[in-house]
Protein chains: 2
Amino acid sequence: MKKVGIAILGLGVVGGGTYEILTQKREFFRETQNVDLVVERVLESNPNRIAALGIAKGCVAANIAEVALDPDVNIVVECIGGIEAAKEYVLAALNAGKTVVTSNKELFSKYSHELERAAKRHNAGLYFEASCVGGVPIIRTLLDGVQSNEISSLMGIINGTTNFILTEMTEKKTSYEEALKEAQRLGYAEANPAADVEGFDAAYKLSILSSLAFHTKVPFTKVFREGITNVSAEDIADGDALGYKLKLLAVGKNSQKGIEVRVHPTFVRKDHPLASVKGSYNAVFVTGDSVGDIMLYGRGAGALPTGSAIVSDIIYAATHSENKYSTFKNTASATEGVKFLNDFASGYYLRLTVNDEPGVLAKIAAILARYSISIVELIQRSSEKEAGKATLVLVTHETRELSVKNAVAKLNATELAKVESVLRVAL
Amino acid sequence: MKKVGIAILGLGVVGGGTYEILTQKREFFRETQNVDLVVERVLESNPNRIAALGIAKGCVAANIAEVALDPDVNIVVECIGGIEAAKEYVLAALNAGKTVVTSNKELFSKYSHELERAAKRHNAGLYFEASCVGGVPIIRTLLDGVQSNEISSLMGIINGTTNFILTEMTEKKTSYEEALKEAQRLGYAEANPAADVEGFDAAYKLSILSSLAFHTKVPFTKVFREGITNVSAEDIADGDALGYKLKLLAVGKNSQKGIEVRVHPTFVRKDHPLASVKGSYNAVFVTGDSVGDIMLYGRGAGALPTGSAIVSDIIYAATHSENKYSTFKNTASATEGVKFLNDFASGYYLRLTVNDEPGVLAKIAAILARYSISIVELIQRSSEKEAGKATLVLVTHETRELSVKNAVAKLNATELAKVESVLRVAL
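Bear in mind the structure is a predicted one, so any value in this text is a computation, not a measurement.

A. Structural view of the overall build of chain A. Broken down by element type, chain A carries 15 helices and 16 strands. A compact globule built from 427 residues should have a C-alpha radius of gyration of about 22 Å, and chain A, at 24 Å, falls within 12% of that. Counting only C-alpha atoms and orienting by the principal axes, one finds that chain A spans roughly 80 × 45 × 35 Å. When burial is assessed residue by residue, chain A has 52% of its 427 residues classed as buried. Contacts in chain A between residues at least 24 apart in sequence constitute 75% of all its contacts with a sequence separation of at least 6.

Put into structure tokens, the structure is as follows:
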């Protein structure tokens with residue numbers, strides 16, 4: 001039986017979970033996968049973590065060089081997170097010819113080009129299933145499951161923290177601030193939640209997934225990004241009344257015109273499979289030319305789900321000698337000739353405060369029409385906050401982002417109306 | 001670039017779809033997969049099908065021997081269906097050392113042992129993603145995506161015809177017969193619908209999926225099977241009122257006690273992800289020890305979705321020279337020492353017609369209690385059909401199948417009640 005030596009860098013939540021899966025299930029992997037996975041080394045500066053896992057001292061490396069030079073180590077698992085040390089360590093491992101398995105979405109999103117070049121130069125593998133959507137095998141699916149398809153669209157709920165917050169706001173009708181606090185109390189959100197709530201985490205993942213789906217490097221910097229910090233309970237309730245659920249959606253589209261990638265709060269029709277993805281669950285909805293629509297659903301984070309993806313990558317690396325890298329064009333010139341779209345089309349949800357007087361609706365509709373914006377649904381009600389004012393909530397047909405921006409500026413310049421919220425609606 | 005020659009056996013819906021994907025997207029596969037897939041041969045007795053696809057005469061083989069002996073053919077795709085010819089052809093191809101890709105669930109379910117033995121003997125690959133759930137890569141996921149997990153449970157809506165019929169009955173409140181006619185009119189059901197509506201198709205797929213999930217051959221004959229032909233609109237409406245949707249569920253469970261595999265109409269709570277899988281869509285919900293719950297969703301049938309799975313298998317075969325077979329124990333003795341359970345536990349839905357007189361409910365509850373059956377929910381209403389009678393609909397806590405059978409026999413033996421329906425409820 002093939003013996004594969006593993007080193008784990010970082011024994012935090014994910015690294016610790018990976019250690020536990022590997023050690024507790026060694027016999028299971030021997031039986032079912034015909035491979036003997038042995039943790040040979042760990043690199044971790046916190047002695048408490050080492051003690052908590054009961055790891056023998058001889059197993060603990062003093063530094064990355066000791067890991068990279070260890071002939072018993074075949075696969076290095078990077079669970080440090082962050083960029084600087086992680087990048088240095090991953091490159092050291094790859095340069096020593098070790099296969100690397102990483103869960104680091106920011107690192108892979110920003111430096112995949114450099115990492116893959118090092119891996120190829122030293123004939124080392126590089127696997128990153130755990131960087132996106134926890135244990136859900138979306139990367140394996142794009143590479144080996146629906147690779148016969150031209151993927152035109154990918155829509156995902158790929159950040160558990162924001163989905164938890166939006167689900168709380170929807171179900172308990174709480175404010176963003178209250179829902180964030182609850183998420184922090186339960187450990188779903190960090191003390192500084194910016195990476196999640198501002199959409200960075202989702203944008204990293206979207207750049208990775210759309211690179212795979214569209215077969216070319218989609219840089220993180222091309223992702224249009226808008227977080228959930230300005231979402232109000234009122235918008236969620238109004239959307240609900242119109243038949244929509246609000247999600248932080250990561251959207252990638254590929255067409256003759258170019259590639260568009262964007263992360264923003266989005267209303268999704270209640271009968272769409274993504275609408276029922278609640279709490280910290282994630283899902284990715286992919287449309288291919290042959291397969292049609294498919295969706296993968298599961299937990300997007302956590303020690304064991306992420307550990308599942310890491311260990312599945314380890315087994316894949318140990319049992320597949322050929323398929324070591326991603327299959328997207330990933331060179332300095334990969335994006336040459338690829339057009340990334342800034343403007344895009346979507347449905348829109350607008351909430352306006354308007355003067356409650358005859359003829360206002362006609363005037364507003366006329367302004368929207370001037371920007372080629374046509375209305376699908378509309379609710380008007382008296383404003384709860386201001387006498388003499390009414391609230392107008394409307395959903396538009398497909399419209400260009402730029403038209404909406406211009407129309408909103410025009411509306412706000414009138415005395416008639418103030419646009420309180422603009423949110424996109426998935427069509 | 002590696003050139004791979006392909007032969008397609010049978011140019012019906014699936015074979016024709018596969019031919020179209022391969023020929024129309026040859027350049028796409030060259031670009032994105034670095035492989036040149038060329039259809040070298042087809043085997044099809046109907047000249048109209050050959051003409052419709054515009055296939056050159058030189059490409060048409062006279063018989064299977066011509067395909068098996070053709071040195072330009074590397075991969076043989078079996079799209080004939082049925083058993084006899086398909087089995088003979090697949091074995092001929094494997095024995096000639098050709099890799100086989102098949103969508104034939106009945107063939108693989110019944111003869112995987114024999115087919116894999118031939119494949120291994122001749123170092124040929126054997127792939128069968130298209131046999132289960134159309135283009136949804138559930139087999140690839142079990143083999144390469146969540147293979148680090150011990151799978152305890154697998155629940156699937158894996159037959160599109162029956163899901164279409166049950167969705168019609170639910171949404172349009174029609175009878176089984178009307179819904180079946182509509183399914184036949186739309187081409188979702190065959191003139192003789194037995195393979196679908198009696199649960200055979202789902203049972204073949206379940207035997208394949210649970211063999212992979214539980215790492216041992218799960219013979220088709222071990223699957224408990226009950227179709228949807230006796231499902232009534234009344235049961236669907238009553239279940240709906242209690243918060244359930246009726247689905248033909250394929251259930252596989254693996255525990256210390258043994259393996260249970262069963263296909264039967266099942267009530268699923270409306271908030272379960274499987275409940276919102278409608279029409280001809282399919283989904284498989286898998287529970288693993290690390291990954292937790294994941295679900296894969298998509299179209300379970302059709303020329304292009306099934307073609308997607310076949311062509312993805314072809315690309316996988318062309319680009320992975322190791323991983324040619326399934327990883328479950330698949331020998332004559334594979335099931336030795338494996339216990340298959342006949343009795344199982346589930347929630348139950350019972351609909352009874354009872355005498356509308358004082359004390360009846362107490363007596364019925366007492367009989368159920370005697371069989372350790374406890375009630376979660378209950379609705380009583382006057383019978384619409386018979387004066388002096390009432391209808392009682394109840395859902396039980398987890399109960400053993402055998403207890404329910406005995407209790408039903410006991411209830412029917414009294415003068416008090418007649419049990420009209422017994423359906424299982426997913427817990």
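B. How the structure looks around the sheet that holds strand β2 (residues 35–43) of chain A. All names here are of chain A. With parallel pairing, the five strands of this open sheet are ordered in space as β2-β1-β3-β4-β5. Unpaired on one side and paired on the other, β2 and β5 (126–127) mark the two borders of the sheet. With two bridges connecting them, strand β4 (residues 99–102) and β5 associate as parallel partners. Residue pairing for β5: V101 is matched across the bridge by Y127.

C. Expanded view of helix α5 (residues 84–95) of chain A. Residues and elements named next belong to chain A. With twelve residues, α5 extends 16 Å from end C-alpha to end C-alpha; this agrees with the ideal 16 Å at 1.5 Å per step. The elements touched by buried residues of α5 are β1 (2–9), α4 (64–69), β3 (75–78), β4, α6 (105–121) and β5. Within two residues after α5, G97 carries a phi angle of roughly 85 degrees, on the positive side.

D. Highlighting the interface of chain B and chain A. Listed per partner, the contact involves 44 residues of chain B and 44 residues of chain A. Of all the elements in the fold, those that place two or more residues in the side of chain B that touches chain A are α2 (26–33), α7 (138–145), β11 (292–299) and α13 (303–319) of chain B. Ranked by the residues each element gives to the side of chain B that touches chain A, the list is headed by α13(B), at nine residues. In the side of chain B that touches chain A, the residues fall into 16 nonpolar, 22 polar and six charged. Pairing of strand β11 (residues 292–299) of chain A with β11(B) involves five bridges; the strand directions are antiparallel.

E. A look at the domain arrangement of chain A. In terms of domains, chain A is made up of domain 1 (2–135), domain 2 (138–298) and domain 3 (345–425). A straight line from the C-alpha centre of domain 1 of chain A to that of domain 3 of chain A covers 53 Å.

F. Fine view of the sheet that holds strand β3 (residues 75–78) of chain B. Residue and element names in this part refer to chain B. Here we have five strands laid out as an open sheet, ordered β2-β1-β3-β4-β5, and parallel in their pairing. The open sheet has two edge strands, β2 (35–43) and β5 (126–127), and neither has a second partner. Docked against the sheet, α13 engages β1 (2–9), β2, β3, β4 (99–102) and β5, running at close to 160 degrees with respect to β4.

G. Examining the relation of the copies chain B and chain A more closely. Between the two copies, chain B and chain A, the superposition gives an RMSD of 0.1 Å; the rotation angle is 180 degrees and the shift along the axis is 0.0 Å. The transformation relating the two chain copies, once decomposed into turn and shift, fits a two-fold axis. Rotation axis and chain B: the residue whose C-alpha lies nearest the axis is L296(B), separated from it by 2.3 Å. Of the residues that chain B buries at the interface, 100% are likewise interface residues in chain A, meaning the two copies contact each other through the same surface.

H. Expanded view of the environment of K339(B). Residue and element names in this part refer to chain B. Within the secondary structure, K339 is located in the loop between α13 and β12 (345–355). Residue classification places K339 among the exposed positions, given that 11 C-beta atoms sit within 10 Å. K339 sits 82 residues away from K257 along the chain, and the two C-alpha atoms are 7.3 Å apart. If we skip the residues at most four places from it in the chain, K339 touches K257, G258 and I259.

I. Summary view of the nonpolar core. Core analysis: the biggest nonpolar cluster contains 262 residues, and V284(A) and V284(B) have the highest contact counts within it. With near-sequence residues (within four places) excluded, V284(B) lies in contact with V133(B), I138(B), L154(B), G156(B), I158(B), L209(B), M295(B) and L296(B).

J. Geometry of the environment of G359(A). Residues and elements named next belong to chain A. You can see G359 is positioned in the loop between β12 (345–355) and α14 (360–370). Its 9 C-beta neighbours within 10 Å are what place G359 among the exposed residues. Separated by 266 residues in sequence, G359 and A93 place their C-alpha atoms 70 Å apart.

K. Quick peek at unusual backbone geometry. All names here are of chain A. At S372, a position not held by glycine, the phi torsion is positive, near 60 degrees. For S372, the position within the fold is in the loop between α14 and β13 (375–382). On the basis of neighbour count, S372 is assigned to the exposed category, with 12 C-beta atoms found within 10 Å.

L. Molecular detail of the confidence of the model for chain A. In the predicted model, chain A carries a mean pLDDT of 96, and 100% of its residues have values of at least 70. Two numbers describe this predicted complex: its pTM, 0.96, and its ipTM, 0.96.

M. Highlighting the pairing of β11(B). All names here are of chain B. When you tally the buried positions in β11, you get six out of eight residues, the bulk of the element. Pairing analysis gives eight bridges linking strand β10 (residues 281–288) to β11, with the strands arranged antiparallel. Within the sheet, the bridge partner assigned to A283 lies in β11 and is Y297. Remark: three residues form the turn of the hairpin made by β10 and β11, two consecutive strands paired antiparallel.

N. Structural context of helix α6 (residues 105–121) of chain B. Residues and elements named next belong to chain B. Compared with the 24 Å implied by 1.5 Å per residue over 17 residues, the 22 Å span of α6 between its first and last C-alpha is a close match. Of all the bends found along α6, the most pronounced is centred on Y111 and spans about 85 degrees. Within the sequence span of α6, burial applies to K105, E106, L107, F108, S109, S112, L115, E116 and A119. Residues of α6 that are buried sit in contact with α5 (84–95), β4, β5 and α11 (200–214).

O. The arrangement of the packing of α6(B) against α11(B) in detail. All names here are of chain B. Their axes nearest at 9 Å, the elements α6 and α11 cross at an angle of 50 degrees. By the criterion of interaxial angle, the relationship of α6 to α11 is oblique. For α6 against α11, the interelement crossing comes out left-handed. Here K105, E106, F108 and S109 of α6 come into contact with α11, specifically with D201, Y204, K205, S207 and I208. Taken together, the residues that form the contact of α6 with α11 break down as three nonpolar, two polar and four charged.

P. Layout of the packing of α14(A) against helix α15 (residues 401–413) of chain A. All names here are of chain A. Where α14 contacts α15, the two axes come as close as 9 Å, and the packing angle between them is 145 degrees. Two packed elements cross with a definite hand, and for α14 against α15 that hand is right-handed. Residues I364, I367 and L368 of α14 lie in contact with α15, whose contacting residues are A407, K410 and L411.

Q. Structural view of the environment of L11(B). Residue and element names in this part refer to chain B. In this structure, L11 sits in the loop between β1 and α1 (13–24). Judged by the 25 C-beta atoms lying within 10 Å of it, L11 falls in the buried class. Residues L11 and A195, 184 residues apart in the sequence, show an inter-C-alpha distance of 21 Å. Every residue in contact with L11, bar those within four places of it in the chain, is listed here: G16, Y19, V42, E44, R49, I50 and L53.

Conventions used here
- Residues numbered from 1 in each chain as written.
- Chains lettered and ligands numbered in written order.
- Predicted model: local features only at pLDDT ≥ 70, side-chain atom pairs only at ≥ 80, totals over all residues.
- Helix = DSSP H or I, 4+ residues; strand = E, 2+ residues; numbered from the N terminus.
- Rg over C-alpha atoms; globule rule 2.2 N^0.38 Å.
- Buried ≥ 20, exposed ≤ 12 C-beta atoms within 10 Å, placed from the backbone.
- Contact = placed C-beta atoms within 7 Å.
- Pairing = 2+ DSSP bridges.
- Expected span 1.5 Å × (residues − 1).
- Nonpolar A, V, L, I, M, F, W, Y, C, P; charged D, E, K, R; others polar.
- Domains from an automatic or database assignment.
- Axes fitted to C-alpha atoms, helices over the stretch in contact; angles between N-to-C directions.
- Least-squares fit on C-alpha atoms with pLDDT ≥ 70 in both.
- Core = buried A, V, L, I, M, F, W, Y, C linked by C-beta atoms within 7 Å.
- pLDDT = per-residue confidence, 0-100.
- Bend = angle between axes of the 7 residues up to and from the residue.
- Parallel < 35°, antiparallel > 145°, perpendicular 65-115°, else oblique.
- Left-handed = near helix turned anticlockwise from the far one by under 90°.

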